[in-house]
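Breakdown of the fold
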Amino acid sequence: TSSTTSMTRRKPPKPAPRSVKGVSPVGKGFKGLLITAGVLLLAIILFNLFTYSVREDETAVVKRFGKIDRVVVDVNEAESIRATFASRGLDIEVLTKKGLNFCVPFMDDVKTFNAKSMTYTSETATIDTFDSRRIDLSMFAQYRVINPALFDMTLGTLSNGNRLMDDRVYPAVIQTANTLRFNEFFDTARVTEAISANIETLNTVLVDTFGVRIIDIGIYRKNFPQANIEPIEQKMVQEIQKTIRLP
C-alpha cells in the first residue's frame, strides 16, 4: 500500500523561468528609439556641415581659409563675371547652380547677399538749374548685387551699398539736373530721359569695380520754391493777355 501511494503522488510543478535581469520588451524599444534619434541627429549635423543653400533671389561668395574660392551668381551674369575675374587675374570659380551646394566644413565660409533690386533714396537738396533758378530735389536709384566677390571685397554690406549711391550716383544726377532749365522740370519725360542717360556710364564703373548694377534712376521728389513759381505764373498771365488782345 505504501508503494502504491508513493507511485500515485503528484510531482511538484516546475518553477517559471526567470527573466534576465534589466531587460524587458519596453526597455529594448526605448533603447532603439534613442539610437534612431541619435543617428538622425548626427545625420542632420553632418548634412548642415557639408552643404549650404542659395535662394533664387540671392548670390553667394564662398571663401576657403579666408580667400575667395568661388561664387554663385545668376546664369545671365556668369559670362561677364568670368571676364571680369580673368581681366583682374583672379582665380575664382563661377557657379550658376542655385539651391543646395556642397562645401568643406571648417575650411569653407559661405556668405550670401540679397540679389533683389534694392531702392536708394537720397536726402532732399537745393540745386541751381541751368538758368540760375533754385529747385529742391531728391532722387532714387534701384540697384542689384550681381558680383558678390567684388561686392564683398569693396563694400561688404548693403548699408555701404547705399553710401556708394550717395558718393557715385547722386552727384551724377545733380550734375545732370544742373544742365536743365527750370521750365524743363515740369516735363517729367524730359527729366527722366536726361537722368537715365547716366545709367550706362555709371554701370561701367559700378559693375567692374563694386559688383553692383544700376537698374533705374530718377527724380523721387521735386519742390519748386514759391519765389520761382510766381514769375512763371506772371509770365503765363502775360501770354494769355497778349492772346486776348490780338484782333
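Shown above is the structure to which this text applies.
The numbers attached to residues start from 1 for each chain and follow its sequence in the written order. With the structure being a predicted model, the display of local features is reserved for residues of pLDDT at least 70 and the display and counting of side-chain atom pairs for 80 or more, all residues being used for whole-chain, interface and lining totals. Side-chain metrics rest on all non-hydrogen atoms present in the structure, leaving aside hydrogens and water.

As for a nonpolar patch on the surface
A cluster of nonpolar residues, Leu 42, Leu 46, Phe 50 and Phe 102, forms a patch on the protein surface that exposes about 420 Å² of accessible area. Helix and strand assignments come from DSSP, with helices taken as H or I runs of at least 4 residues and strands as E runs of at least 2, each series counted from the N terminus. Ranked by residue count, the leading element in the nonpolar patch is helix H2 (residues 25-50), at three residues. Along the chain, Leu 42 turns up in helix H2. Note that patches include only residues with greater than 30% relative accessible area and no salt bridge, and the join distances are 9 Å for like charges and 5 Å for nonpolar side chains (Val, Leu, Ile, Met, Phe, Trp, Tyr). Areas reported as accessible are Shrake-Rupley estimates using a 1.4 Å probe. Residue values count occlusion only from the protein chains shown. What counts as a salt bridge is simple: a side-chain nitrogen of Lys or Arg found within 4 Å of a carboxyl oxygen of Asp or Glu.

Structural notes on the pattern of salt bridges
Applying the stated criterion across every chain, the model contains 14 salt bridges. Between Arg 213 and Glu 77 there is a salt bridge, and its shortest N-O distance comes to 2.7 Å. Of this pair, Arg 213 sits in strand E10 (residues 212-223) while Glu 77 sits in the loop between strand E3 (67-72) and helix H3 (78-88), and the two are 136 residues apart along the sequence. A relative accessible area of 25% means that Arg 213 is categorised as partly exposed. According to the relative accessible area criterion, Glu 77 is buried, its value standing at 7%. Via salt bridges that share partners, Arg 55, Asp 57, Glu 58 and Lys 116 belong to a single interconnected network. We call a residue buried when its accessible area falls under 20% of the maximum for its residue type, exposed when it is over 50%, and partly exposed in between, using a 1.4 Å probe and counting protein chains only.

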